[in-house]
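What the coordinates show
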Amino acid sequence: MLGIRRLFDLLCQRTLRKITPAPRLVQRIFPATMSSPGSQDQASAKRSRAQSPEAEAEARAEAEAEAEAQQTAPSADGVAAKRAKNEDEEEREQLVFMRESDVGITQFVTAGWGGFDAIIKHRFSDFFVNEIDPSGSVVRLTSYYDAVDPTPPMSEEQKEVASLNVPEDKALAFDAAFVKLAGILGEEDSARIRQLLESGDDEQRSLLLDRELDKGQRKSVYSITNNFLPTQVKCETVDGRLEFVRPSASSRSGGAQGGAPQRRVGRGQQWAHDGDYCYFVMQKENHDTMDVLFQLARCLRSTTRSFGMAGTKDKRGITVQRCSAYRIDHKRLIGASRNLKGARLGNFSYGPQELKLGDLSGNRFEIILRHVKGADEQSLAPVLEGIRRTGFINYYGMQRFGTQSISSHSVGIAVLKADWQAATELILKPRPGDRKEVRKARKVWSEQRDARAALALMPQKAALAEYSLLQAFSRKGNENNAASAFAAVPRNLRLMYVHAYQSFVWNAATSQRLARFGMDGPVIGDLVVKACDFGAKPSGGPAAAAAAAAAAAAAAPSTNGGEESADVSSRIEPTLVTAQNIKQFTIYDVVLPLPGWAVTYPEHDIKNVYIDLMRQDGLSPFGLGKHPLKEYKLAGAYRHMVVKPRDFEYEWMRYNDDALPLARSDSDAIEGKHVPESIEFGQHVALKLKFDLPSSAYATMLLRELMRQETAAGHQTKLSGNAGI
């Protein structure tokens, strides 16, 4: 009877353990007091019972009951794993992510629409991006192997070599050399040189001509010996006279009858393509652009500096973009492509210029919104047409500011104030939502200030900035040098923080401009630059050129007073809206500046918004050229306030399985896979959107205008969880 009761108690304890909140946290704080209630009394009673024969029988029954319970209940490891999973889920539910209002995003183009619920990027294959090149063409991956590789034009030196008609046969090349030398030096000197080369006398290995030759004659002789007799003779000039030196018998690679012409080819001549750069199209899936290029560099035993790209693309999605490789043959790239994880290369060609950031005009998006609720085809049609017609606010999206509770722009404030201690502390500060390894590393640094111990725990790939800081702090003599540690962070990440702050200020100023003056059109005091269709070649004189220049500036807001400061002189000066010219412009021409030393500000209330907002952070829009370090002297740029999508399309779909894709990638098309189709009576509803945007615009801001829903990653994760997918 006691054994049955013991079995019942064990099962009850396991059940209670499952519903006890956050036991891992309690164990961490009180590790010595975590035995179950009454466990010490039970152990004492068990010891006393073991002293009698009756107790032995009872103990055996209890042991059998415990064994049976272990067989029917989950293992300890399984319970622990499940408990840890539950705790992680509880922690995620309590996470505090940034909201759009935290980064200045508050307004909409149109009022009166309540929006609807849907899940963005439930699968990475719900988000497709294809680059649009400067000519306006959408970049597609259509072949893994095709290459446009025309025969390159020959250099003057190559033309000269070709005109020599060097025979492939060694003996014929040897004989032909002296025929040509006789035409330049005469029969007598040509015969003397031949006799020297055919002689086996190592004591007489050189011949110095007894007369001087002009520069043209010497050059012709060099060309003959280098191409017809590359291993048989070395020709040099001594005081204007030519000296011919025959290698010794031990070092000579060919006999007296000559060797095959082994042409001395410089580095530039070894490259047999028209242009120093091999261009290729890269499709990647759920990987960062730089991660794929790191893989590629490893496969080719090269460095990432060998590669160029027109723009970086989101990790979570299927993206297609152009890249360039310096003097890497397309056949090597094809071989490396087979070993890449999450990426394929193709559509190879050659050209003279490296691809650089900004060498694109926009991006083509195809986005799947799953589990659409609160809208149907009829109710949403006018809203979709409204976005096609009026566009959306060109806010910087949430990706610009990070996904966690500590925003990138808050670090940017510290950097612009040259407060390196605050900047490093913000980057390393513990926060909810981190991976387990990152969380442990942050905790060690926060509590122990032990950079080496924290570095041993910090994964480099998942937290590059944090890893770089800890690595710098770990060096002897550098333990407290925050400025030196921050300088160890890769430059693109360092600048990301200050550009995030520029974007935050721009978002907030734009919200205030729309809240105070509306969407009807420009107002007196606005700044304007004529908008032009991205990807189209500007026409119409200076005004169109100005629009193109402003678009380029907005597409690359990273322009700063450092190595890119030359861009400032070519940036267009916007036009001030006055009573006389206001009718010449529309709301789509209105621009607002990203704060910097080289920009002008609107001449109305919004200028004070910049001043007041930045004053709260201890900064000034007019002081961004005074930073002690050159790379943080921000020049600023201009950005259009409202944009319209191009070639906007949409399609309603029904489906049953969330694990199946609802669109086809470029690689799917190459491999002959069919385009997914809507199921007539499918359980779930999805909306597929296709549209083009300029390179500086965020597709998530178009979705925000459509759905009236938070686009922050934390909110989307919560929606996926609520949908049970």
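Residues numbered from 1 in each chain as written. Predicted model: local features only at pLDDT ≥ 70, side-chain atom pairs only at ≥ 80, totals over all residues. Heavy atoms only, no water.

1. Points about the overall build of the protein
Secondary structure assignment for the protein yields 26 helices and 19 strands. Per-residue burial for the protein yields a buried fraction of 46% across its 725 residues. Of all intrachain contacts in the protein linking residues separated by at least 6 positions in sequence, the fraction that spans at least 24 positions is 79%. Counting every atom, the protein has about 36,800 Å² of accessible surface; 50% of that belongs to carbon and sulfur. (Helix = DSSP H or I, 4+ residues; strand = E, 2+ residues; numbered from the N terminus. Buried < 20%, exposed > 50% of the residue type's maximum accessible area, 1.4 Å probe, protein only. Contact = heavy atoms within 4.5 Å. Areas by Shrake-Rupley, 256 points an atom, 1.4 Å probe, with all protein chains shown as cover.)

2. Examining the environment of Glu198
Locating Glu198 in the fold gives a position in helix H8 (residues 187-198). Between the alpha carbons of Glu198 and Gln232 there is a distance of 9.5 Å; along the sequence they are 34 residues apart.

3. Examining the sheet that holds strand S5 (residues 234-238)
On the basis of which strands lie adjacent, the open sheet formed by three strands has the order S4-S6-S5 and antiparallel pairing. What marks the edges here is a single partner per strand, and that holds for strand S4 (206-208) and S5. In this sheet, neighbouring strand axes are inclined to one another by 20° on average, regardless of whether the strands run parallel or antiparallel. The pairing of S4 with strand S6 (residues 241-245) spans three bridges and is classified as antiparallel. Residue pairing across strands places Leu207 opposite Phe244, the latter belonging to S6. Across the sheet, H8 is in contact with S4 and S6; its angle to S4 comes to roughly 165°. (Pairing = 2+ DSSP bridges. Axes fitted to C-alpha atoms, helices over the stretch in contact; angles between N-to-C directions.)

4. Some details on the sheet that holds strand S15 (residues 590-594)
Taken in spatial order, the four strands make up an open sheet running S14-S13-S15-S16, and their pairing is antiparallel. Of all strands in the sheet, those with a lone pairing partner are strand S14 (575-576) and strand S16 (637-640), marking the two edges. The pairing of strand S13 (residues 527-528) with S14 spans two bridges and is antiparallel. Residue pairing for S14: Leu527 is matched across the bridge by Leu576. Contacts from helix H20 (residues 491-517) reach S15 and S16, with the element oriented near 145° to S15.

5. Structural notes on the packing of helix H13 (residues 377-390) against helix H25 (residues 699-707)
One way to put it is that H13 packs onto H25 with a least axis distance of 10 Å and a crossing angle of 140°. Judged by the sense of rotation from one axis to the other, the crossing of H13 with H25 is right-handed. Here H13 contributes Leu380, Val383, Leu384 and Ile387 to the contact with H25, which in turn contributes Leu702, Glu705 and Leu706. Each residue belonging to the contact of H13 with H25 can be placed in one class, and the counts come to six nonpolar, no polar and one charged. (Left-handed = near helix turned anticlockwise from the far one by under 90°. Nonpolar A, V, L, I, M, F, W, Y, C, P; charged D, E, K, R; others polar.)

6. Looking at the pairing of strand S19 (residues 684-694)
For S19, the tally of buried residues reaches 10 of 11 residues, placing the bulk of the element in the interior. Sheet topology note: the strand S11 (residues 362-373)/S19 ladder contains eight bridges and is antiparallel. Within S19, the residue paired with Asn363 across the bridge is Leu693. Two strands pair when backbone bridges link them, and strand S18 (residues 646-655) and S19 are joined in this way by eight bridges, in the antiparallel orientation. Paired with Glu651 across the two strands is Lys688, which belongs to S19.

7. What about unusual backbone geometry?
A positive phi is found at Asp647, a non-glycine position, where the angle reads about 55°. Although it is not a glycine, Arg708 sits at a positive phi angle of roughly 55°. For Arg708, the position within the fold is in the loop between H25 and helix H26 (713-722). The buried category is assigned to Arg708, whose relative accessible area is 19%.

8. Some thoughts on the side chain of Ser223
The residue Ser223 is located in helix H9 (residues 215-228) in this model. Assessed through its relative accessible area of 10%, Ser223 is described here as buried. In contact with Ser223, other than residues within four places in its own chain, are Glu160 and Leu164.

9. Structural notes on the packing of aromatic side chains
Counting across every chain of the model gives 16 aromatic pairs. With a centroid separation of 6.3 Å and an interplanar angle of 40°, the aromatic rings of Phe486 and Tyr497 are classed as tilted. Here Tyr497 lies in helix H20 and Phe486 lies in helix H19 (residues 482-487), a separation of 11 residues in the sequence. Tyr497 carries the same exposure label as Phe486, and that label is buried. Seen in terms of ring centroids, Tyr501 and Phe504 are 6.1 Å apart; in terms of plane orientation they differ by 40°. Their pairing is tilted. (Phe/Tyr/Trp six-rings, centres within 6.5 Å; stacked < 30°, edge-to-face > 60°.)

10. Examining the side chain of Thr225
Here Thr225 lies in helix H9. The residues contacting Thr225, other than those within four sequence positions of it, are Pro230, Val233, Cys235 and Phe244.

11. Describing helix H11 (residues 289-300)
Over its 12 residues, H11 runs 17 Å from end to end, which matches the ideal 16 Å to within 8%, given 1.5 Å per residue. Contact partners of the buried residues in H11: strand S7 (277-285), strand S8 (307-309), strand S9 (318-326), helix H12 (330-337) and strand S10 (343-351). After H11 finishes, the residue Arg301 shows a positive phi value of roughly 55°. (Expected span 1.5 Å × (residues − 1).)

12. Overview of the nonpolar core
Of all hydrophobic cores here, the largest spans 107 residues; its most connected members are Phe116, Leu369, Leu380, Leu687, Leu689, Phe691 and Leu706. Take this core: its biggest share by element is 12 residues, from H20. Ignoring anything within four residues of it in the chain, the contact list for Phe691 reads Asn363, Arg364, Phe365, Ile367, Pro645, Arg646, Asp647, Phe648, Ala699 and Leu702. (Core = buried A, V, L, I, M, F, W, Y, C linked by side-chain atoms within 4.5 Å.)

13. Some remarks on the pattern of salt bridges
Here the structure, examined in full by the defined rule, presents 34 salt bridges. The salt bridge partner of Asp666 is Arg140, with a shortest N-O separation of 3.3 Å. With a gap of 526 residues between them, Asp666 in helix H24 (residues 666-670) and Arg140 in the loop between strand S2 (127-132) and strand S3 (147-148) connect regions that are remote in the sequence. In this structure Asp666 comes out as buried when scored by relative accessible area, which is 10%. Close ionic contact of Arg194 with Glu198 constitutes a salt bridge, the shortest N to O distance being 3.0 Å. Placement of both Arg194 and Glu198 in helix H8 is noted, with a separation of four residues, approximately one turn of the helix. Its relative accessible area of 36% is what places Glu198 among the partly exposed residues. Through salt bridges with shared partners, one network takes in Arg364, Arg646, Glu649 and Asp692. (Salt bridge = Lys/Arg side-chain N within 4 Å of Asp/Glu carboxyl O.)

14. Concerning the packing of H20 against helix H23 (residues 605-616)
Packing of H20 against H23 leaves a shortest axis separation of 10 Å and a crossing angle of 140°. Between H20 and H23, the crossing angle belongs to the class labelled oblique. Every pair of crossing elements has a handedness; the one defined by H20 and H23 is right-handed. Here Tyr501, Phe504, Val505, Trp506, Ala508, Ala509, Gln512, Arg513, Arg516 and Phe517 of H20 lie close against H23, whose contacting residues are Asp605, Ile606, Val609, Tyr610, Leu613 and Met614. Residues of the contact of H20 with H23, tallied by class, amount to 12 nonpolar, one polar and three charged. (Parallel < 35°, antiparallel > 145°, perpendicular 65-115°, else oblique.)

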